[in-house]
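Each chain, letter by letter, is given below.
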Amino acid sequence: MGETKYIFVTGGVASSLGKGIISSSIGKLLQARGYNVTIQKFDPYINIDPGTLNPYEHGECYVTVDGHEADLDLGHYERFLGIQTTKANNITTGRIYKSVIDKERRGDYLGKTIQVIPHITDEIKRNVKLLGSKYKFDFVITEIGGTVGDIESLPYLESIRQLKWEMGRNALCVHLTYVPYLAAAGELKTKPTQHSVKELQSVGIQPDILVLRTEHELSTNLKKKVALFCNVDENAVVQSIDMPTIYEVPLRMQEQGLDVTILQKMGLPVGETPTLGPWRDFLDRRHKATKKVKGSKDSIKLIKNAPKVANICADVIGDICGVLSGSISALISIKISTQMNLPFNIQFVLSALVSALTVSGKAFGKDIANKKSTEIVHKVGIVLNKFSKK
């Protein structure tokens, strides 16, 4: 395709709106059109990685194929796109500063005064472009953690401003905001979105596309109002309404032409609309699934999600509470999956269990490499692999 295109996904008004799901959905729609896509997450916290974070406070970590303990959103990226992520797909402020400080100690900056601009922002920009330059992806989608207005996010927003200026049409910003519904007044309010966009504009970034998170259907007039007040095209305002499952989101984005708008703004041919046949089949299986794989009552989010995927892929009755009650290491899961030559969907189920169990073991001091857990996971892999082939 030529030069790599970069899409930045930012969030405003509140956290937990689903930037990871929107990023994954965009990636899926572009991938369905034949483009080579990857997604990366930049987290503003100063921890080197989320491996030592309390999973009940921050959310559990996701272990990548190279053993890196990464943000949970990387699990969404892998499931939606069917790709494998690595350490390079998840960057934190801690890693950025550590890299800059290490360079300063080695004398790489030749005695210059180290500042946020240009040294920290240059390091951020280098990491943003690393995957695209190394692996020649057509699209690199970069999700910026946190919320616009957070002091921790400022160096990342400044880096995006510079990259948009340097790359022109090869860089685009998608801003996800929230449109609240006031029950007492019976109205949807756009003012928080307007203020969020103004906050983004105040640091020199004009969003190209707005995705409005909402629990209620947004009228055409409301979207026109947002477009007018926020300086974006009317067709570049799309809604992301609550869905029964996150896997419905790519279809709803496609219905509103989000992928078409992105391609047009980046000067690429649109072509025919993909049917997303396999994705629709996957959703159909999910809706029709009747058998269950049980999880423990004390499971955290990733452990709860793993049985759901198992229900869809295997549609098999099983009770894996015994696995959930123990803690094992990610390396054990990777080794077992490799030895058994398991398909990707089954590897995901095992790695999803292990990712959460690993971080919980670290946080609470449990044994994470016991022989019994290894045997149990091996048996679960055999069962899931057997039924997935039916």
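Residues numbered from 1 in each chain as written. Predicted model: local features only at pLDDT ≥ 70, side-chain atom pairs only at ≥ 80, totals over all residues. Heavy atoms only, no water.

(A) The arrangement of the side chain of Thr64 in detail. Residue placement: Thr64 occurs in the loop between β3 (62-63) and β4 (69-70). A distance of 2.4 Å separates polar atoms of two side chains, one belonging to Thr64 and the other to Asp66. (Helix = DSSP H or I, 4+ residues; strand = E, 2+ residues; numbered from the N terminus. Polar contact = N/O pair within 3.5 Å; in protein donor to acceptor, adjacent residues only side chain to side chain.)

(B) Spotlight on the side chain of Asp73. Position of Asp73 among the secondary structure elements: in helix α3 (residues 73-81). For Asp73, a relative accessible area of 14% translates into the label buried. Non-local contacts of Asp73, meaning those with residues more than four positions away in its chain, are made with Gly20, Lys41 and Glu143. (Buried < 20%, exposed > 50% of the residue type's maximum accessible area, 1.4 Å probe, protein only. Contact = heavy atoms within 4.5 Å.)

(C) Quick look at the sheet that holds strand β11 (residues 237-241). Reading across the sheet, the seven strands line up as β5-β2-β6-β1-β7-β10-β11 and stay open at both edges, with parallel pairing between neighbours. At either end of the open sheet lies a strand with only one pairing partner, and these are β5 (90-92) and β11. Looking at each pair of strands side by side, their axes are set apart by 20 degrees on average, direction ignored. With six bridges joining them, strand β1 (residues 5-11) and strand β7 (residues 171-178) adopt parallel strand pairing. Its bridge partner lying in β7, Val9 is registered against Val174. Along the sheet, helix α8 (residues 220-230) makes contact with β10 (209-214) and β11, crossing β10 at roughly 135 degrees. (Pairing = 2+ DSSP bridges. Axes fitted to C-alpha atoms, helices over the stretch in contact; angles between N-to-C directions.)

(D) A look at the pattern of salt bridges. If you walk through the whole model with that rule in mind, you get 20 salt bridges. Where Lys103 meets Glu123, a salt bridge forms, and the shortest distance between an N and an O atom there is 2.8 Å. Taken as a pair, Lys103 in helix α4 (residues 93-106) and Glu123 in helix α5 (residues 116-135) lie far apart in primary sequence, 20 residues in all. Take Glu123: its relative accessible area is 3%, and that puts it in the buried class. (Salt bridge = Lys/Arg side-chain N within 4 Å of Asp/Glu carboxyl O.)

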